[in-house]
Amino acid sequence: MVYTPVENSNDFLTVIPVENSNEFLNTSPKKKSNNETGLAPLLLTVLELIRQLMEAQIIRRMEEDLLSESDLERTAESLQKLEEQILNLCQIFDIDPADLNINLGDFGTLLPASGSYYPGETGSRPSILELLDRLLNTGIVVDGEIDIGVAQLDLIHAKLRLVLTSKPI
């Protein structure tokens, strides 16, 4: 089914089907379900992942006494403003903030359940956020080379080195 935007509409998410069908997506003023809001839930989930990851790193630094009082106040205020913006966007797109998560099957969920994770403590079934937090805390180096060519002639050679850590290098 192909959908097209409705012209002269104040609702940017309103679309109608091009083909004849009884299925409509966001054409009524009633509440939209999460699977009908498009890309917004995914983007907000990624933003929430980054916010929680930064919060975990701040907690780690706070517990190691690496932040001054002014640093701590600034970071707390910034994270609070970011959380408010995410909640505001959830309200605009009619998304329940509790639904900002992705189940990755055998890999678990992207975000931990509310209140189930504290940086430095290990859980029985860690989320991707917990794994990323641990990875940033210990650091990782990824090194590789890629050769792309045609007819046994190398045309592109890429050498990659990625250092990912929350510690200064």
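Thresholds applied
- Residues numbered from 1 in each chain as written.
- Predicted model: local features only at pLDDT ≥ 70, side-chain atom pairs only at ≥ 80, totals over all residues.
- Heavy atoms only, no water.
- Buried < 20%, exposed > 50% of the residue type's maximum accessible area, 1.4 Å probe, protein only.
- Helix = DSSP H or I, 4+ residues; strand = E, 2+ residues; numbered from the N terminus.
- Contact = heavy atoms within 4.5 Å.
- Pairing = 2+ DSSP bridges.
- Core = buried A, V, L, I, M, F, W, Y, C linked by side-chain atoms within 4.5 Å.
- Patch = residues over 30% accessible without salt bridge, like charges linked within 9 Å, V, L, I, M, F, W, Y side chains within 5 Å.
- Areas by Shrake-Rupley, 256 points an atom, 1.4 Å probe, with all protein chains shown as cover.
- Salt bridge = Lys/Arg side-chain N within 4 Å of Asp/Glu carboxyl O.
- Expected span 1.5 Å × (residues − 1).
- Polar contact = N/O pair within 3.5 Å; in protein donor to acceptor, adjacent residues only side chain to side chain.
- pLDDT = per-residue confidence, 0-100.

Asks: How would you sum up helix α3 (residues 128–138)? Please name residues and give values.
Replies: Taken together, the buried positions of α3 are occupied by Ile 128, Leu 129, Glu 130, Asp 133 and Leu 136. Buried positions along α3 lie against α1 (40–63) and β4 (153–164).

Asks: Summarise the pairing of β4; cite the residues concerned and give the values.
Replies: The pairing of strand β3 (residues 140–150) with β4 spans 11 bridges and is classified as antiparallel. Its bridge partner lying in β4, Asp 143 is registered against Arg 161. The antiparallel hairpin formed by β3 and β4 contains two residues in its connecting segment, where Ala 151 sits at a positive phi of about 55°.

Asks: An account of the nonpolar core is needed here, citing residue identities and associated values.
Replies: Among the nonpolar cores identified, the biggest contains eight residues, and these are Leu 49, Leu 53, Leu 110, Leu 111, Tyr 117, Ile 128, Leu 129 and Leu 136. For this core, the secondary structure elements donating two or more residues are α1 and α3. Broken down by element, this core gets its largest block of residues, three residues, from α3. Those residues in contact with Leu 110 that lie beyond four places of it in its chain are Thr 45, Leu 49, Asn 101, Ile 102, Leu 104, Ser 127, Ile 128 and Leu 129. Counting residues in each nonpolar core, the second largest holds six residues, with Ala 40, Leu 44, Cys 90 and Ile 95 among its members.

Asks: For a nonpolar patch on the surface, give the residues involved together with the corresponding values.
Replies: A grouping of Ile 146, Ile 148, Val 150, Leu 153, Leu 155, Ile 156 and Leu 160 is seen on the molecular surface, where their side chains present a nonpolar patch of about 670 Å² in accessible area. Counting residues per element, the ones that place at least two in the nonpolar patch are β3 and β4. Of note, Ile 156 is situated in strand β4. For Ile 156, a relative accessible area of 48% puts it in the partly exposed group.

Asks: Which residues make up helix α2 (residues 69–92), and what values go with them?
Replies: For α2, built from 24 residues, the straight-helix expectation of 34 Å at 1.5 Å per residue is met to within 8% by its first-to-last C-alpha distance of 35 Å. Every buried residue belonging to α2 is among Leu 79, Ile 86 and Cys 90, and all of these are buried. Summarising the contacts, the buried residues of α2 are in contact with α1. After α2 finishes, the residue Asp 94 shows a positive phi value of roughly 55°.

Asks: Tell me about the side chain of Ser 166, residues and numbers included.
Replies: Tracing the chain through its elements places Ser 166 in the segment after β4. Classification of Ser 166 by relative accessible area gives buried; the value is 16%. Within the structure, the side chain of Ser 166 is placed 2.8 Å from the side chain of Gln 57, a separation counted as a polar contact. Contact partners of Ser 166, with chain neighbours within four places excluded, come to Gln 57, Arg 61, Leu 136 and Asn 137.

Asks: Requested: an account of the pattern of salt bridges, with residues and values cited.
Replies: Per the counting criterion, the structure on display carries seven salt bridges. Arg 51 serves as the salt-bridge partner of Glu 55, at 3.8 Å between the closest nitrogen and oxygen. Of this pair, Glu 55 and Arg 51 both sit in helix α1, four residues apart, which is roughly one turn of the helix. A residue is classified by how much of its surface remains accessible, and Glu 55, at 33% relative accessible area, is partly exposed. Assessed through its relative accessible area of 5%, Arg 51 is described here as buried.

Asks: Could you give an account of the confidence of the model for the protein chain, naming the residues involved and the relevant values?
Replies: When pLDDT is averaged along the protein chain, the result is 79; 78% of the residues meet or exceed 70. Note that residues 1–32 has pLDDT below 50 and, in this model, 39 contacts with residues that lie over four places away or in other chains.

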